[in-house]
Amino acid sequence: MIGRWFSAAFIYCIITALSGCHLLTGPSTNTVAEGFIVNKYTRQPLANVPIEVIQWRYGAFGNTHIDSVAGTFSGPDGHFSIAFDGNAKGVTYRIDFRNSRELFDLTDYRLFDAYSALDGASLTVGKPNRVDFEATPFVPVRIVVDADKQGSAALAVDAYASYLAGQSYFHAFTFVDTARTSNRTKADRVAYFVPNWHYNLSVWRSSLPPISSNSYGTSVSFTRFVGYNDTTIIRVH
């Protein structure tokens, strides 16, 4: 008798679990997202860029997790088209391009929801969606550091996008020297910048490492514009 009750209870639990999983999805809804991805500054198409539809589930406490739904690559003309089955409930479908090592996203997301600039353009399930991406390749810039530490124990050089120009934050370069035996810092590096932006370059000397915003020391800053075809050298003294 106990065995039969256990078996019935076990079967009931399995059915309940399966029913719960079924509630997470609705009727099959075919959705298409298509558009172009181009270089913002030259207007040339960007080919062979991975494009992905992502399923975002936003939790009550602000937690999120990501599931990839479908993907493709942009064609020679920069065009892409993705069809997917948007039948999950309680999620937001978004589309984004995945090439952050070579391209920086400069798309205007004001036509989409408030999370699109960070999470990818929001899509409307069951309707045609048009999303056009604008991006730029990074520009390599040579930075030569030849600076007197002036008796400081640590010296740091930073290059980051200036907020004063209405830009997003972007940390392009950092170099730190904490060698106590060295009175002069020398370095020759290639850093990758988002072009056509203004950058702040700062030289921070601190009496005690590590260097941070709370460190005691002195800082010298200057501003530099990095153009799209910038091939000059930034020298820091």
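About the thresholds
- Residues numbered from 1 in each chain as written.
- Predicted model: local features only at pLDDT ≥ 70, side-chain atom pairs only at ≥ 80, totals over all residues.
- Heavy atoms only, no water.
- Helix = DSSP H or I, 4+ residues; strand = E, 2+ residues; numbered from the N terminus.
- Buried < 20%, exposed > 50% of the residue type's maximum accessible area, 1.4 Å probe, protein only.
- Areas by Shrake-Rupley, 256 points an atom, 1.4 Å probe, with all protein chains shown as cover.
- Pairing = 2+ DSSP bridges.
- Salt bridge = Lys/Arg side-chain N within 4 Å of Asp/Glu carboxyl O.
- Axes fitted to C-alpha atoms, helices over the stretch in contact; angles between N-to-C directions.
- 1 Å grid on protein atoms, 1.4 Å probe; cavity = no way out; pocket = protein on both sides within 12 Å on 5 of 7 lines; lining within 4 Å.
- Points joined across faces, edges and corners; volume = space filled by probe spheres on them.
- Nonpolar A, V, L, I, M, F, W, Y, C, P; charged D, E, K, R; others polar.
- Polar contact = N/O pair within 3.5 Å; in protein donor to acceptor, adjacent residues only side chain to side chain.
- Core = buried A, V, L, I, M, F, W, Y, C linked by side-chain atoms within 4.5 Å.
- Contact = heavy atoms within 4.5 Å.

Section: the overall build of the protein chain
- Assigned secondary structure in the protein chain consists of two helices and 16 strands.
- Per-residue burial over the protein chain gives 38% buried out of 237 residues.
- Of the roughly 14,200 Å² of accessible surface on the protein chain, a fraction of 57% belongs to carbon and sulfur atoms.

Notes on unusual backbone geometry
- In this structure, R43 is a non-glycine residue whose phi angle is positive, near 65°.
- Mapped onto the elements of the fold, R43 is located in the loop between strand 1 (30-39) and strand 2 (50-58).
- The partly exposed category is assigned to R43, whose relative accessible area is 47%.
- In this structure, N196 takes a positive phi of about 65° despite not being glycine.

Topic: the pairing of strand 1
- Summarising the sheet, strand 1 and strand 4 (residues 79-85) pair through seven bridges and their orientation is antiparallel. Following the sheet pairing, A33 is matched in strand 4 by I82.
- Bridge count for strand 1 against strand 8 (residues 128-130) is three bridges, and the pairing is parallel. The partner of E34 across the bridge, within strand 8, is R130.

Topic: the pattern of salt bridges
- Inspection of every chain in the model, using the stated rule, returns twelve salt bridges.
- R98 is the salt-bridge partner of E52, the closest N and O atoms lying 3.5 Å from each other. Residue E52 is found in strand 2, and its partner R98 is found in the loop between strand 5 (92-97) and strand 6 (103-105); the two are separated by 46 residues along the sequence.
- Judged by relative accessible area, E52 falls into the partly exposed class, the value being 21%.
- Linked through salt bridges whose partners overlap, the residues forming this network are E34, R130 and D132.

What to know about the sheet that holds strand 12 (residues 171-177)
- Judged by pairing direction, the sheet is antiparallel, and its four strands sit side by side in the order 12-11-14-15 without closing on themselves. Two strands in the sheet have a free side with no partner beyond their single neighbour: strand 12 and strand 15 (217-226). Direction aside, the axes of adjacent strands within the sheet are offset by 10° on average.
- Judged from the ten bridges that link them, strand 14 (residues 197-206) and strand 15 form a sheet pairing that is antiparallel. Residue S202 lies in a different strand from strand 15, and its bridge partner there is S221.

Digging into the layout of surface pockets
- In this structure, the largest pocket occupies an estimated 490 Å³ of space.
- If you go around the largest pocket, you meet 19 residues; those closest to its centre are F104, D105, L106, Y109 and A117.
- Counting residues per element, the ones that place at least two in the lining of the largest pocket are strand 5, strand 6 and helix 2 (116-119).
- Among the residues making up the lining of the largest pocket, the classes are represented as eight nonpolar, eight polar and three charged.

Things to note about the side chain of K149
- Summarising the element assignment, K149 is placed in the loop between strand 10 (139-148) and strand 11 (154-161).
- Take K149: its relative accessible area is 1%, and that puts it in the buried class.
- Polar side-chain contacts of K149 include one of 2.7 Å to the backbone oxygen of A179.

Observations concerning the nonpolar core
- Grouped together as the largest cluster of nonpolar side chains are 27 residues, with contacts concentrated most on I143, V157, F170, F193, W197, Y199 and V236.
- Among the secondary structure elements, those contributing two or more residues to this core are strand 10, strand 11, strand 12, strand 13 (184-193), strand 14 and strand 16 (233-236).
- When near neighbours in sequence (up to four residues on either side) are disregarded, F193 contacts F138, V139, V141, I143, A159, F170, A172, Y199 and V226.
- Formed by 22 residues, the second largest nonpolar core is a distinct cluster that contains A33, V49, I82 and L103.

Details of the side chain of T136
- In this fold, T136 is placed in strand 9 (residues 133-137).
- For T136, the contacting residues outside a window of four places in its chain are Y41, E102, L103, F104, L106, V194, P195 and Y228.

Functional significance is not addressed by these values, which are geometric in nature.
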